[in-house]
Amino acid sequence: MGVSLKTKFTILSLLLSSSIATAAIPTLKGFVGHPLIHLVDGQVKVEPTKGKTIDQSFTVKTSTNEQIKIELGKDFYLIVFPESSLKIEGFYITKKDYKVKAVIFDAGRFYLKNGSNLEEDLSVTYQSDFFIWKNTEKNNQREFFVELNPAIAQVRFCAGTQGIAVALFDHETVKNLKFQEGAAFQGVLQKNGELEFDLLLEGRKVPKGEWKEAFTCDFKQILKEMNDLEASEIAKIKKNDQQKKAAEKKRKVEFDKSLCHEPNGQFNECLWKWEDKSCIRYRCDGQGQWKDRQQLPKNSRYQCETKPKVSKCDY
């Protein structure tokens, strides 16, 4: 019995819909320090936690020795280095499917790798004061490092394994960089501190300035710096953890060997402490209680000069 045209169409629709995948919601994969994250709408602060997803446009700013890794899609992630800032724009294309629209680099250093083959991941736009790259499946920037310094109107690029094509708006020069080839553009600042452009017909523009001599960039060193900062943070957390455990163990030993507590003390030891602007002395009795409260004369107040003190009784 043959299959009806309607059934064939239904099967084809199901196959097509099952093959369509959308970009993931941006996810915080790891961070060093305490990067500042704010939602663009309302400037609501987001507390960075590993695995947290953010389904709204947001900004990220890192200080010295801070870093954050953000997953933007399938095998598609971004590293924001120390002293850097950017904005990630996104929206829901349906009630369930979220899309990252643009990664807007503000200032600092960034590493981006897009190993995805999903259309939604490949169509993300990368932009800054120096460029707008409308990424497509045929013309995409798979892996690159970019360093932006708006204060001196400079941008530097380093190409990843598949190379990149660097174009600055409608500048006639396009730099096609191979793996670990670098390029730098020195722009011109206006009096108001913004990048200066020559305006062309139809709203096009060209940044004023010049390309500097090409250089070799060490991509391994860039990734090493990224990994070293992360490893340093892990070691720091581990050390703090060990110190906390050691301190807790010490507190437990001191508690277990003491008869009186809060603070710890032995039988017939005395405790001196300030109470109601007076120096008070207590004695640790056989029931484990601080008893025999005595208000001391003014000439004995030296015992209470600092924090509560436990020592051999002075009588």
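Residues numbered from 1 in each chain as written. Predicted model: local features only at pLDDT ≥ 70, side-chain atom pairs only at ≥ 80, totals over all residues. Heavy atoms only, no water.

A.B. asks: Quick question: what am I supposed to make of the overall build of the protein chain here?
C.D. replies: Along the protein chain, the regular secondary structure elements total three helices and 23 strands. On C-alpha atoms alone, the protein chain measures out to a radius of gyration of 32 Å, which is more than a quarter above the 20 Å that the 2.2 N^0.38 rule sets for 315 residues. Seen through its principal axes, the protein chain has C-alpha atoms that stretch 95 × 75 × 40 Å. Contacts spanning at least 24 positions in sequence make up 53% of the contacts within the protein chain whose residues lie at least 6 apart. Entry remark: accessible area of the protein chain is about 19600 Å², with carbon and sulfur atoms responsible for 51%. Side-chain charges in the protein chain split into 50 positive and 43 negative, and the spacing between the mean points of these groups amounts to 6 Å. (Helix = DSSP H or I, 4+ residues; strand = E, 2+ residues; numbered from the N terminus. Rg over C-alpha atoms; globule rule 2.2 N^0.38 Å. Contact = heavy atoms within 4.5 Å. Areas by Shrake-Rupley, 256 points an atom, 1.4 Å probe, with all protein chains shown as cover. Lys, Arg positive; Asp, Glu negative; His and termini not counted. Charge placed at Lys NZ, Arg CZ, Asp CG, Glu CD.)

A.B. asks: Explain unusual backbone geometry here, please?
C.D. replies: Peptide bonds are, in most cases, trans, and in most cases residues other than glycine have a negative phi. Look at the link from E262 to P263: it is a cis peptide, with omega at 0°. Note on placement: P263 falls in the loop between α3 (219-256) and β20 (269-275). Phi is positive for F169, which is not a glycine, with a value near 50°. One can find F169 in the loop between β13 (164-167) and β14 (174-177). Backbone geometry places K277, a non-glycine residue, at a positive phi of 65°. Following the sequence through the fold, K277 ends up in the loop between β20 and β21 (278-284). By relative accessible area, which is 77% here, K277 ends up exposed. (Buried < 20%, exposed > 50% of the residue type's maximum accessible area, 1.4 Å probe, protein only.)

A.B. asks: Could you clarify how one ought to interpret the nonpolar core in this entry?
C.D. replies: Most often, soluble globular proteins have nonpolar side chains that are buried together. Among the nonpolar cores identified, the biggest contains 42 residues, and L78, L86, F105, Y126, F131, V146 and F157 are the most heavily contacted of them. Element by element, the count of residues in this core is highest for strand β8 (residues 98-114), at six residues. Those residues in contact with Y126 that lie beyond four places of it in its chain are F76, V103, F105, L112, N114, F131, I132, W133, N135, Q141 and F144. (Core = buried A, V, L, I, M, F, W, Y, C linked by side-chain atoms within 4.5 Å.)

A.B. asks: Honestly, the pattern of salt bridges in this entry has me stumped. Any pointers?
C.D. replies: Proximity of charged atoms lets side chains of opposite charge pair with each other. One pass over the structure, following the stated rule, counts 15 salt bridges. Residue K257 is joined to E254 by a salt bridge in which the shortest nitrogen-to-oxygen separation is 3.3 Å. One continuous salt-bridge network, built from bridges that share partners, spans E196, D198 and K208. (Salt bridge = Lys/Arg side-chain N within 4 Å of Asp/Glu carboxyl O.)

A.B. asks: Could you clarify how one ought to interpret the confidence of the model for the protein chain in this entry?
C.D. replies: Looking at the protein chain, pLDDT values average 87 and 93% of them are 70 or higher. Considering each helix and strand of the protein chain separately, the mean pLDDT is smallest for helix α1 (residues 5-19), with a value of 40, and largest for strand β4 (residues 58-61), with 97. Between residues 5-22, whose pLDDT stays under 50, and residues either more than four places distant or in other chains, the model counts eight contacts. (pLDDT = per-residue confidence, 0-100.)

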